[in-house]
Amino acid sequence: MLRNVGLAILLGAIAASAVDAKEWAQKMFTTTSHDFGNVARGSKSEFVFEIQNPYEEDVHIVDVKTSCGCTTPTITRPTLKTWEKGAIIATLNTKAFVGPRTSTLTVVIDKPFYAEVQLSIAGNIHSDIDFQPGSVLFGEVQQGAPAEQEIAITHRGRTDWQIVDVRSVNTHLEVELSDARRVAGGVMYKMLVRLKEDAPAGAIFDTLNLVTNDDRLPSVSLPVEGRVVPPLAISPSTLFFGMMQPGQTVTKQMVVTGKQPFRITAIRCDDPAFQFRATDTVKKVHLIPVTFTAGDEGRELREVIEIETDLPSGGVASCLARGTIGAGPTDSTASALGQSQR
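Computed from a prediction, not measured in an experiment: that's the story for all the values here.

### Observations concerning the overall build of the chain
What the chain contains, in helices and strands, is three helices and 24 strands. The proportion of buried residues among the 342 residues of the chain is 41%. Relative to all contacts within the chain whose residues are 6 or more apart in sequence, the contacts with residues 24 or more apart total 67%. Taken as a whole, the chain presents about 17400 Å² of accessible surface, with 48% of it coming from carbon and sulfur.

### Quick word on the side chain of serine 221
Examined against the element boundaries, serine 221 turns out to sit in strand β16 (residues 219-229). Contact partners of serine 221, with chain neighbours within four places excluded, come to Phe36, Asn38, Val39, Phe131, Thr207, Leu208 and Asn209.

### Considerations on the confidence of the model for the chain
On average, the chain scores 85 in pLDDT, and the residues at 70 or more come to 89%. Of all the helices and strands in the chain, helix α3 (residues 331-341) carries the lowest mean pLDDT, 37, while strand β3 (residues 59-66) carries the highest, 95. Segment residues 5-20 is flagged for pLDDT under 50; beyond a separation of four residues in sequence, or across chains, it makes 24 contacts in the model. For residues 330-342, every residue scores under 50 in pLDDT, and the model assigns this stretch five contacts once sequence neighbours within four places are set aside.

### Considerations on the nonpolar core
The biggest cluster of nonpolar side chains holds 26 residues, and the ones touching the most others in it are Phe131, Phe138, Ile153, Leu195 and Leu210. Elements supplying a minimum of two residues to this core: β8 (115-132), β9 (136-142), β10 (147-156), β14 (186-195), β15 (202-212) and β16. For this core, the element with the most residues is β14, which contributes five residues. With near-sequence residues (within four places) excluded, phenylalanine 131 lies in contact with Ala40, Ser43, Ile151, Ala152, Ile153, Leu210, Val220, Ser221 and Leu222. If you look at the next biggest cluster of nonpolar residues, it comprises 25 residues, including Phe49, Ile88, Ala90 and Ile121.

### Remarks on the environment of glycine 144
For glycine 144, the position within the fold is in the loop between β9 and β10. Residue glycine 144 is classed as partly exposed on the basis of its relative accessible area of 41%. When the C-alpha atoms of glycine 144 and valine 228 are compared, they prove to be 8.6 Å apart, with 84 residues separating the residues in sequence.

### Topic: the packing of aromatic side chains
Each aromatic ring pair is described using two quantities: the centre-to-centre distance and the angle formed by the ring planes. Within the structure shown, the criterion is met by eight aromatic pairs. Between tryptophan 24 and phenylalanine 113 the ring centres are 6.5 Å apart and the planes differ by 80°, which places this aromatic pair in the edge-to-face class. Linking tryptophan 24 in helix α2 (residues 23-26) with phenylalanine 113 in the loop between β7 (99-111) and β8, this pair joins segments that are 89 residues apart in sequence. With relative accessibility at 12%, the residue tryptophan 24 sits in the buried group. Geometrically, the ring pair formed by phenylalanine 241 and phenylalanine 292 is tilted, given 6.0 Å between the ring centres and 55° between the ring planes. One end of the pair, phenylalanine 241, is in strand β18 (residues 238-244); the other, phenylalanine 292, is in strand β22 (residues 283-293), and 51 residues separate them in sequence. For the pair formed by phenylalanine 241 and phenylalanine 292, the shared burial category is buried. Ring-pair connections join several aromatic residues into one group, and the members of that group are Phe241, Phe274, Phe276 and Phe292. Geometry around tryptophan 83 places arginine 322 over its ring, the cationic atom sitting 4.0 Å from the centre.

### Quick look at the environment of serine 168
Within the element layout of this structure, serine 168 appears in the loop between β11 (163-167) and β12 (173-177). Under the relative-accessibility criterion, serine 168 is labelled partly exposed at 30%. Placed 41 residues apart in sequence, serine 168 and asparagine 209 show a C-alpha to C-alpha distance of 6.3 Å. Setting aside its immediate chain neighbours within four residues, serine 168 contacts Leu173, Thr207 and Leu208. A polar atom in the side chain of serine 168 sits 3.1 Å from the backbone nitrogen of asparagine 170.

### Points about unusual backbone geometry
In most cases, non-glycine residues show a negative phi, while peptide bonds are predominantly trans. Cis geometry is found at the peptide bond from glutamine 132 to proline 133, where omega equals -5°. Of the consecutive residues serine 235 and proline 236, the connecting peptide bond is found in the cis state with omega at -5°. Mapped onto the elements, proline 236 comes out in the loop between β17 (232-235) and β18. If you check the backbone angles, tryptophan 83 has positive phi at about 70° while not being a glycine.

Here is what the cut-offs are and how they apply
Residues numbered from 1 in each chain as written. Predicted model: local features only at pLDDT ≥ 70, side-chain atom pairs only at ≥ 80, totals over all residues. Heavy atoms only, no water. Helix = DSSP H or I, 4+ residues; strand = E, 2+ residues; numbered from the N terminus. Buried < 20%, exposed > 50% of the residue type's maximum accessible area, 1.4 Å probe, protein only. Contact = heavy atoms within 4.5 Å. Areas by Shrake-Rupley, 256 points an atom, 1.4 Å probe, with all protein chains shown as cover. pLDDT = per-residue confidence, 0-100. Core = buried A, V, L, I, M, F, W, Y, C linked by side-chain atoms within 4.5 Å. Phe/Tyr/Trp six-rings, centres within 6.5 Å; stacked < 30°, edge-to-face > 60°. Lys NZ or Arg CZ within 6 Å of the ring centre and 35° of its normal. Polar contact = N/O pair within 3.5 Å; in protein donor to acceptor, adjacent residues only side chain to side chain.

Following this line, the structure appears as structure tokens:
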């Protein structure tokens, strides 16, 4: 039986011991299906199936099988410890295939128990529309700095084909579309995609949806990727203290990195059970030991640690501390555990 980090989750898992064994594995996935919709041939089409391990045992993904060569899977992190996140990246092979495509990715897990989880993929690859390049790739952008990339969009087969609108849920993107220009057998647009200076730090995985006047292809998606890099970063972004017993002391280490040398001026956390050791040195990389002493009560640990520095801009960063303080088994819990082992 899997041991979840939270006692309540543990008891729920024990009660569900008779259910299909793969359910515990499916619960780690945020979603198990994705439809790319209409995409252009040669465009970069990827979807990230996020995974998080809520169990005390390590989870190991040994393989991912695909039912169709039109989709290529990638495992970002084969072994996931408690609360760690990983992903299965599904890439639609738009250069080698055209037309409607469906595939099933079978994720094979061998630890702590054997299980298989199926992920469903669908998409329609159109050969009459072409993006050059196949996606908007900003790469790494310093926070506060603008970035832009030009995309050539060509449609062949109709000289009256039009892009009537470009939509995105990301308000930090803006688009400038040129007038249509006729080319051999079709039309071409130039589209300039800009990342605004107020874009927040973090990864960018978004999509621009091009709305057209073609009833057969009313919209087509163009992926947008990049990463806005802050002047100050903390690694890891989440400190996992795992399962602790009352009174136990655990020490982890944070790495705080800046684009230029800096001094740490303050470390704040609302929980007095945390202790920190930082020097007054000015440097680009600071190693900070973080020590937590568990109290007597059983609870889920979820505290924000804030680092303040003397950097003139963007000099504050935060890290999340997570873990569980066990309360010791109650009589009912011990009874349930004993029954599950018989």
